[in-house]
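# Remarks on the overall topology
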Amino acid sequence: MNQPRHYMGIALEEAQKAFEKGEVPVGAVIVKGEDIIGRGYNLVESIKDPTAHAEILAIRQAAETLGGWRLSGCDLYVTVEPCAMCAGAIVLSRISRLFIGTPDPKAGACFSVNNLVTDSRLNHQVELSIGILEEECRQLMRQFFRQLRK
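This text gives an overview of the structure that appears in the document. (Residues numbered from 1 in each chain as written. Predicted model: local features only at pLDDT ≥ 70, side-chain atom pairs only at ≥ 80, totals over all residues. Heavy atoms only, no water.)

Another aspect to go through is the pairing of strand β3 (residues 74-80). If a strand is regular, its side chains alternate between the two faces of the sheet. Counting buried positions along β3 gives 7 out of 7 residues, so the element sits mostly inside the fold. A crossover links β3 with its parallel partner strand β4 (residues 97-102), the connecting element being helix α4 (residues 84-92), and its sense is right-handed. (Buried < 20%, exposed > 50% of the residue type's maximum accessible area, 1.4 Å probe, protein only. Helix = DSSP H or I, 4+ residues; strand = E, 2+ residues; numbered from the N terminus. Right-handed = clockwise from strand over helix to strand, strands pointing away.)

Put into structure tokens, the structure is as follows:
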């Protein structure tokens, strides 16, 4: 089994939940070893919270699961490139590896607009892998915004 594709597939399932709620379809899964210890999908509109991004919710759940905020040795799989808020939380939580489905050329803060997670000036850098199930992740976003415009 190709692990990154497997876990990104689970992140896509989370994104689908957001899509079904009318939320921007972003999903995230945090893995330690082979165990999923956190998952989330966007809930900004549903709970009226600007910080309720998939990555933040997954990080909160993972920290609760582990009983601490340091997520060293954990991998985060997210369907769309994280924004600045989420990239900052990824660095601060010490996530080891970040797997991204598709870029966000307007707000991505990992390689598109900014490079927060790999910035050597910060006290932690994250190993980055891009393009895992990219087409599937991109298509879900396109489908959502196509529907929104109708």
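Still more to cover.
In this section: the sheet that holds strand β2 (residues 35-41). Taken together, 5 strands build an open sheet; the order of strands is β2-β1-β3-β4-β5 and the sheet is mixed. Of all strands in the sheet, those with a lone pairing partner are β2 and β5 (127-130), marking the two edges. For this sheet, the mean inter-axis angle between neighbouring strands, taken without regard to orientation, is 15 degrees. In this structure, β3 lies alongside β4, joined through 5 bridges in parallel fashion. Across the sheet, residue D75 finds its bridge partner in β4, namely R97. Sitting on the sheet, helix α5 (residues 134-149) touches β3 and β4, and the angle it makes with β4 is about 60 degrees. (Pairing = 2+ DSSP bridges. Axes fitted to C-alpha atoms, helices over the stretch in contact; angles between N-to-C directions. Contact = heavy atoms within 4.5 Å.)

Before going further, it helps to spend a moment on the pattern of salt bridges. Enumeration according to the criterion identifies 6 salt bridges in this entry. Two residues, R39 and E14, come together in a salt bridge whose shortest N-O distance is 3.2 Å. One end of the pair, R39, is in strand β2; the other, E14, is in helix α1 (residues 3-20), and 25 residues separate them in sequence. For E135, the salt bridge is made with R138, and the minimal N-O distance between the two is 3.4 Å. Placement of the pair is E135 and R138 together in helix α5, with a separation of 3 residues, close to one helical turn. Relative accessible area serves as the criterion here: at 39%, E135 is assigned to the partly exposed category. Ionic contacts of the salt-bridge type, sharing partners, join the residues E14, K17 and R39 into one network. (Salt bridge = Lys/Arg side-chain N within 4 Å of Asp/Glu carboxyl O.)

Scanning the entire structure with this criterion turns up 4 aromatic pairs. Seen from their ring centres, Y7 and Y77 are 5.4 Å apart, and the 40 degrees between their planes marks the pair as tilted. Here Y77 lies in strand β3 and Y7 lies in helix α1, a separation of 70 residues in the sequence. Side by side, Y7 and Y77 carry an identical accessibility label, which is buried. When the ring of Y77 is compared with that of F99, the centres are 4.4 Å apart and the planes differ by 10 degrees; the resulting orientation is stacked. In this pair, Y77 sits in strand β3 while F99 sits in strand β4, placing the two residues 22 residues apart along the sequence. Accessibility assignment for this pair places Y77 and F99 in one class, buried. Three or more aromatic residues link up through ring pairs in this structure, and these residues are Y7, Y77 and F99. (Phe/Tyr/Trp six-rings, centres within 6.5 Å; stacked < 30°, edge-to-face > 60°.)

Looking at the element boundaries, N42 is found in the loop between β2 and α2 (44-47). Of the residues examined, N42 reaches a relative accessible area of 9% and is grouped as buried. Beyond its immediate chain neighbours, meaning those up to four positions away, N42 contacts A18, E23, V24, V26, A52, H53 and A54.

Below, the discussion takes up the environment of V78. Along the polypeptide, V78 turns up in strand β3. With 20 residues separating them in the primary sequence, V78 and L98 have C-alpha atoms 7.7 Å apart. If we ignore the near neighbours within four places in the chain, the residues touching V78 are M8, V26, G27, A28, E55, L98, F99, I100 and G101.

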